[in-house]
Amino acid sequence: MAECTHDCGSCSQDCSKRDLQVNLRAGSSVKKVIGIVSGKGGVGKSLVTSLLAARVNKDGFRSAILDADITGPSIPESFGVGDERATALDNEDALNPVVTDSGIQLMSMNFLLQNETDPVIWRGPVIAGAVKQFWTDVVWKDVDFMFVDMPPGTGDVPLTVFQSLPIDGIIVVSSPQQLVRVIVEKAVNMANMMNIPILGIVENMSYVKCPDCGKEITVFGKSNIDQIAKSFNIPVLARIPMQEETSRAVDAGDIESLDIPELKDAAEKIESLLK
Ligand SMILES: Nc1ncnc2c1ncn2[C@@H]1O[C@H](COP(=O)(O)OP(=O)(O)OP(=O)(O)O)[C@@H](O)[C@H]1O
């Protein structure tokens, strides 16, 4: 069998992957799908997803975010649209995405809850089903890059999402910590098993810059991400500092105003998929 291109639309092979993938509804269009994964929670996966979507949007591409982190969605708040609710398409079983100030299309569980503080107490298959519906039942308009904020970890739900959506590449987000090799290795193994290319690693919270002297302070100790990335033969695309300005903008719902120059290479790598 020929090597998988992840493009079922142009491939004539009748493989098992095709059976599991779900289709966009008629009228939706998404050119490339980027999965943002992390081996563990709290490392800044949602932050990196939002920043990358905002960056490629500023670069002139149409971007969208599918918030597959169903039980802990944090994307809407960071874009200041936490109070918005998804609207239905007239006379059809379909939802319009919420659109941010700069035109990024978003779908998140928060847009469907009566109160954003309502907990989503669902078992894995139901959660995975909701993610699939975000793909099939939302009207995604002319999207160049869809960023999928994957559920944390490598369990049942991320597995189903990996199998159901036509993911073109993944970005692994990590933070400097002792267990990072195991965490990155898990994510890399999962992507390899799914036959999905890894575009690279983004290390978040790499350092704090002293506001007085500019010295980089490595709060979590010296990072060994370069050696780890090298051993898996994948590039480190960015090292993002931990900074008050970032968390302030996220808390204020103003993430689109942030400029994180460290993400330039990561954005270019993604954009190269359409060049
Ligand atoms: N580089 C950074 N500088 C400042 N604050 C940051 C940075 N990265 C993340 N944060 C903050 O840390 C918190 C956790 O980040 P985020 O929600 O993106 O993590 P996550 O990996 O998606 O978590 P989860 O797995 O629980 O969904 C957020 O409040 C975010 O604003």
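Quick notes on the rules
- Residues numbered from 1 in each chain as written.
- Predicted model: local features only at pLDDT ≥ 70, side-chain atom pairs only at ≥ 80, totals over all residues.
- Heavy atoms only, no water.
- Near = heavy atom within 4 Å.
- Areas by Shrake-Rupley, 256 points an atom, 1.4 Å probe, with all protein chains shown as cover.
- Nonpolar A, V, L, I, M, F, W, Y, C, P; charged D, E, K, R; others polar.
- Patch = residues over 30% accessible without salt bridge, like charges linked within 9 Å, V, L, I, M, F, W, Y side chains within 5 Å.
- Salt bridge = Lys/Arg side-chain N within 4 Å of Asp/Glu carboxyl O.
- Helix = DSSP H or I, 4+ residues; strand = E, 2+ residues; numbered from the N terminus.
- Buried < 20%, exposed > 50% of the residue type's maximum accessible area, 1.4 Å probe, protein only.
- Contact = heavy atoms within 4.5 Å.
- UniProt positions renumbered as here; feature names shortened; annotations may be inferred.
- Expected span 1.5 Å × (residues − 1).
- Pairing = 2+ DSSP bridges.
- Axes fitted to C-alpha atoms, helices over the stretch in contact; angles between N-to-C directions.
- pLDDT = per-residue confidence, 0-100.
- Phe/Tyr/Trp six-rings, centres within 6.5 Å; stacked < 30°, edge-to-face > 60°.
- Core = buried A, V, L, I, M, F, W, Y, C linked by side-chain atoms within 4.5 Å.

1. Quick notes on the site of the ligand
Point 1. The ligand sits among 18 residues. The nearest are Lys45, Ser46, Leu47, Asp69 and Asn204.
Point 2. In isolation the ligand exposes 620 Å². Once the protein is present, 76% of that is buried.
Point 3. Looking at the shell around the ligand residue by residue, the class counts come to seven nonpolar, nine polar and two charged.

2. Here's the deal with a nonpolar patch on the surface
Point 1. Taken together, Ile217, Val219, Phe220 and Met242 make up a surface patch of nonpolar side chains, about 340 Å² in accessible area.
Point 2. For methionine 242, the location among the structural elements is in the loop between β12 (236–239) and α8 (244–251).
Point 3. Exposure remark for methionine 242: the relative accessible area of 32% places this residue in the partly exposed category.

3. Comments concerning the pattern of salt bridges
Point 1. Following the criterion strictly, the structure yields 10 salt bridges and no others.
Point 2. Through salt bridges that share partners, Lys45, Asp69 and Asp149 make up one connected network.

4. Brief notes about the environment of alanine 238
Point 1. Within the element layout of this structure, alanine 238 appears in strand β12.
Point 2. When the C-alpha atoms of alanine 238 and glycine 200 are compared, they prove to be 8.8 Å apart, with 38 residues separating the residues in sequence.
Point 3. Residues contacting alanine 238, with those up to four places away along its chain left out, are Ile201, Val202, Glu203, Glu262 and Leu263.

5. As for the environment of asparagine 57
Point 1. Within the fold, asparagine 57 resides in helix α2 (residues 45–58).
Point 2. With 25 residues separating them in the primary sequence, asparagine 57 and glycine 82 have C-alpha atoms 20 Å apart.
Point 3. Once you skip the residues sitting within four places of it in the chain, asparagine 57 turns out to touch Arg62, Ser63, Ser102 and Ile104.

6. Describing the UniProt feature "binding site: ATP" (unreviewed entry) in the chain
Point 1. Taking the numbering used here, the UniProt-annotated feature "binding site: ATP" (unreviewed entry) corresponds to Gly39, Lys40, Gly41, Gly42, Val43, Gly44, Lys45 and Ser46.
Point 2. Considering the arrangement of structural elements, one finds glycine 41 in the loop between β1 (30–37) and α2.
Point 3. Judged by its relative accessible area of 42%, glycine 41 falls in the partly exposed class.
Point 4. Tracing the chain through its elements places valine 43 in the loop between β1 and α2.
Point 5. With sequence-adjacent residues up to four places away left out, valine 43 is seen in contact with Ser38, Val173, Ser174, Ser175, Asn204 and Met205.

7. Overview of α2
Point 1. For α2, built from 14 residues, the straight-helix expectation of 20 Å at 1.5 Å per residue is met to within 8% by its first-to-last C-alpha distance of 20 Å.
Point 2. Most of α2 is tucked away, with 12 of its 14 residues classed as buried.
Point 3. If you check which residues of α2 are buried, you get Lys45, Ser46, Leu47, Val48, Thr49, Ser50, Leu51, Leu52, Ala53, Ala54, Val56 and Asn57.
Point 4. Positive backbone phi, approximately 100 degrees, marks glycine 60, located one or two places after α2.

8. Some words on the sheet that holds β12
Point 1. Strands sit in the order β5-β6-β2-β7-β1-β8-β9-β12 across an open sheet of eight strands; the sheet is mixed. Each end of this open sheet is capped by a strand with a single partner; those strands are β5 (98–99) and β12.
Point 2. As defined by bridge partners, β5 adjoins strand β6 (residues 105–107) across two bridges and the pair is classed as antiparallel. Within β6, the position partnered with valine 98 by the bridge is leucine 106.
Point 3. Taken strand by strand, helix α4 (residues 124–136) contacts β1, β2 (63–67), β6 and β7 (143–149), and its axis lies near 160 degrees from that of β2.

9. Let's talk about the confidence of the model for the chain
Point 1. For the chain, per-residue confidence averages 88 on the pLDDT scale, and 92% of positions sit at 70 or higher.
Point 2. Across the chain, the element-wise mean pLDDT spans from 56 in helix α1 (residues 16–20) up to 98 in β6.

10. As for the packing of aromatic side chains
Point 1. Under the defined criterion, the tally for this structure stands at one aromatic pair.
Point 2. Ring centres of phenylalanine 61 and phenylalanine 145 lie 5.3 Å apart, and the angle between their planes is 70 degrees; on these two criteria the pair is classed as edge-to-face. Placement of the pair is phenylalanine 61 in the loop between α2 and β2 and phenylalanine 145 in strand β7, with a sequence separation of 84 residues.
Point 3. A relative accessible area of 15% places phenylalanine 61 in the buried class.
Point 4. Judged by its relative accessible area of 0%, phenylalanine 145 falls in the buried class.

11. Here's the deal with the nonpolar core
The nonpolar side chains of soluble globular proteins are, as a tendency, buried together.
Point 1. Formed by 81 residues in total, the largest nonpolar core has its most connected members in Leu66, Met146 and Phe147.
Point 2. Here the element with the most residues in this core is α2; it accounts for seven residues.
Point 3. Discounting residues that sit within four places of it in the chain, leucine 66 has contacts with Met107, Val131, Phe134, Trp135, Trp140, Met146, Phe147, Val148, Asp149 and Leu165.

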